Amino acid sequence: MNISGEIESKYSSTVSLEHRKKYAQFFTPVEIADIMTEWLLGNDTLSDVLEPAFGLGIFSRILLSKKSNLSITGYDVDNAIYEEALRVFNGFRSVNLKLEDYVKNDNNWNEEYDGIICNPPYFKFHNYDNKSVVSKVNQKLNIKLKFHTNLYVLFLLKSINQLKKNGRCAFIIPSEFLNSDYGVNVKKYLIQSSKLRHIIVFNFKENIFDDALTTSAIILCANDEFADTIAFSYINDVSQLKKIKQIIFSYPNNTYSDFTYNSKDIHAELKWKNYYSPTDVPQFKNLVPFATYAKVMRGIATGANEYFSFNLSKVKSSGIDMINMQPCICHSIDVAGLCFTSEDFDNLVNSNKNVYILNPINKQDENLNIYINKGEEKKINERYLTSKRIPWYSMEKRASSPIWVNVFNRNGLRFVRNETQVMNLTTFHCIYVNNNLFGVDADLLFAYLISNTAQILFSICGREYGNGLNKFEPNDLNKSFMLDIGSLNEIKKDKLRTIYRQNKKNNDLSYINEIDSILIDNFYEKAAPSIE
Ligand SMILES: C[S@@+](CC[C@H](N)C(=O)[O-])C[C@H]1O[C@@H](n2cnc3c(N)ncnc32)[C@H](O)[C@@H]1O
């Protein structure tokens, strides 16, 4: 099998440029095709392979030279190249070539493959019946791609959907969709599919294709269990191509990637340049320290939670007067959802959760005194924190805070709007709002905090402290940066509050995207400098 580019060169010299342009017949350089085949071969059970934009089958030729027992299906719409490909693959019974439009074909959606590899056609001007093809893909994948979505991403999304378990797909496509408006829904689908693993963006000074396509990206997907992270790498020189092999060979470790993110930190609404640009900082304007609008403090530390915390049964059996009980969340796990109301508190009381702490006010209460004596018998008064208090059983004096933030949370920071006067132990940090400065009240601040944008900014600040999101201390948050939401006009501030208020008990969190849209519209530098 000839794995040099001679076959393509010969074809290009005999067929007119006009014909090649009509079908977008620009061939993948052998070095790049070779690297991409390694991704597929990383699947040990690689057997059925699809090449949806076959051309002269450079990928399949290389694959067969490395693993001969593959069964290959190829599609192409152009009769001239199809005939030539039949000649090239003459004698290869396991290669099945079809003279058909891959995306328009309705019958192949359920066919699945161990490996899909492709350099799809790229038409700059839409001389293609996009509308009907986009509708078809939307309907099949239940998504909402815009009608001007470029054909090459339709190839990609359809293929991702055709991967068998452990199947892998490698595409080389223009990188434009990563940062364009129509790309948002494409990126959404890539994230939702849980199959995106690595994007390697090229920005070569010289042309790597025999036409003006210099900015492209290799997209590596896999239908395996390693969906927790998405990696990005950036290459601007042909000499760095070997880095891609290192990336592929070290999978699922991201040892050689430039930037690796937790998948949940990747947001379709943002230009993905933010994730691979060497500066690594989203282009947001008007950042202020978090402490401008709020102060974060740790929750109440009792020094002996098992002694000081009570559920309703314990209150009743101790006989202590309710006046000596302070409503208080002892375990963050008891708080579900984004907003905590009095009704939620009553439900916790009725399900006998620990939602009170001892706060002695009426010292005449005999049962209280009995309980205090018991505490001394158990030497609770000699513990580190209690021994420093006078009297040892007194509680920290604090106002309840209108916003809580989860201290240890693997899924990023979790904020809760506390609409009650209930206090909290150290299971949450307290967020107190600074005097409604520039109209930033608890609801407005909260609407901001639950946005994806806020999470990104916190995660970047977290990385700077070398601390990671999981261990955010109050001061890490105080020192973080946030968007200057006080600078929004009153209409937008109200809009943000309203989005939160109308959805606070909504389990479908898609309304958060509306908040992000407002933030992105107002704070995202559209004229971000190019990464060149
Ligand atoms: C960019 S070339 C890639 C060829 C080859 N796979 C390579 O990498 O060198 C795209 C190929 O897709 C074919 N093509 C264009 N539209 C197509 C479609 N709708 N379905 C299948 N193939 C198509 C073109 O004729 C062309 O051969």
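Given the structure is predicted, the values throughout are model-derived calculations rather than measurements.

### Re the pattern of salt bridges
Right, on to step 1. Enumeration over the complete set of coordinates arrives at 21 salt bridges.
Right, on to step 2. Here Arg398 ties to Glu396 by a salt bridge, and the two come within 3.3 Å at their closest N and O atoms.
Right, on to step 3. Residues participating in the shared-partner salt-bridge network are Asp34, Glu38, Lys66 and Lys245.

### Focus: helix α15 (residues 442-449)
Right, on to step 1. Within α15, eight of the eight residues are buried, leaving the element largely enclosed by the surrounding structure.
Right, on to step 2. Of the residues making up α15, those classed as buried are Ala442, Asp443, Leu444, Leu445, Phe446, Ala447, Tyr448 and Leu449.

### Some words on the domain arrangement of the protein
Right, on to step 1. Domains assigned within the protein are domain 1 (6-276) and domain 2 (289-523).
Right, on to step 2. A straight line from the C-alpha centre of domain 1 to that of domain 2 covers 47 Å.

### Points about the site of the ligand
Right, on to step 1. Residues in close proximity to the ligand total 26 residues, the closest being Phe26, Thr28, Ala53, Asp76 and Tyr102.
Right, on to step 2. Contact between the ligand and Glu51: a nitrogen atom at 3.2 Å from a side-chain N or O atom of the residue.
Right, on to step 3. The side chain of Asp101 places a nitrogen or oxygen atom 3.1 Å from a nitrogen atom of the ligand.
Right, on to step 4. Protein burial of the ligand: of its 590 Å² of free accessible surface, 98% is covered by the chains.
Right, on to step 5. Mapped onto the shell around the ligand, the elements with two or more residues apiece are α4 (58-66) and β2 (71-76).

### So, unusual backbone geometry
Right, on to step 1. Cis geometry is found at the peptide bond from Tyr251 to Pro252, where omega equals 10°.
Right, on to step 2. Tracing the sequence through the fold places Pro252 in the loop between α9 (241-250) and β9 (259-262).
Right, on to step 3. A cis amide bond links Ile390 to the next residue, Pro391, at an omega of -15°.
Right, on to step 4. Relative to the assigned elements, Pro391 resides in the loop between α14 (366-377) and β16 (403-406).
Right, on to step 5. In this model, Asn142 sits at a positive phi of 55°, which is unusual for a non-glycine residue.
Right, on to step 6. A positive phi is found at Asn352, a non-glycine position, where the angle reads about 60°.

### A few points about the packing of aromatic side chains
Right, on to step 1. If you walk through the whole model with that rule in mind, you get 28 aromatic pairs.
Right, on to step 2. Taking the centre distance of 5.9 Å and the plane angle of 85° together, the rings of Tyr11 and Phe27 count as edge-to-face. Remark: Phe27 occurs in the loop between α2 (17-22) and α3 (30-41) and Tyr11 occurs in helix α1 (residues 6-14); sequence separation between them is 16 residues.
Right, on to step 3. Overall, Phe27 belongs to the buried group, its relative accessible area being 14%.

Each value, and the rule that gives it
- One numbering rule holds for all chains: residues counted from 1, following each sequence as written.
- A pLDDT threshold of at least 70 governs which residues receive local features in this predicted model, and a stricter bar of 80 or more applies before side-chain atom pairs are shown or counted, although totals over entire chains, interfaces and linings include all residues.
- Side-chain measures were taken over the full set of non-hydrogen atoms in the model, leaving aside hydrogen atoms and water.
- A carboxyl oxygen of Asp or Glu within 4 Å of a side-chain nitrogen of Lys or Arg is what we treat as a salt bridge.
- The cut-offs for exposure are 20% and 50% of the maximum accessible area for each residue type, with area from a 1.4 Å probe on protein chains only; residues under the lower value are buried, those over the upper are exposed, and the others partly exposed.
- Strands are runs of DSSP state E lasting at least two residues, helices are runs of H or I lasting at least four, and both sets are numbered from the N terminus onward.
- Boundaries between domains were set according to an automatic or database domain assignment.
- Whether a residue is near a molecule or strand depends on its heavy atoms: it is near if one of them lies within 4 Å of it.
- Any N or O atom pair separated by 3.5 Å or less is treated as a polar contact, with the protein-specific requirement of one donor-capable and one acceptor-capable atom, and with residues adjacent in sequence counted only for side-chain atom pairs.
- The Shrake-Rupley method, run with a 1.4 Å probe sphere, supplies the accessible areas, and residue values consider only the shown protein chains as cover.
- Centre distance within 6.5 Å is the pairing criterion for rings of Phe, Tyr and Trp, where only the six-membered ring of Trp is used; planes under 30 degrees apart are then read as stacked, over 60 as edge-to-face, and the remainder as tilted.

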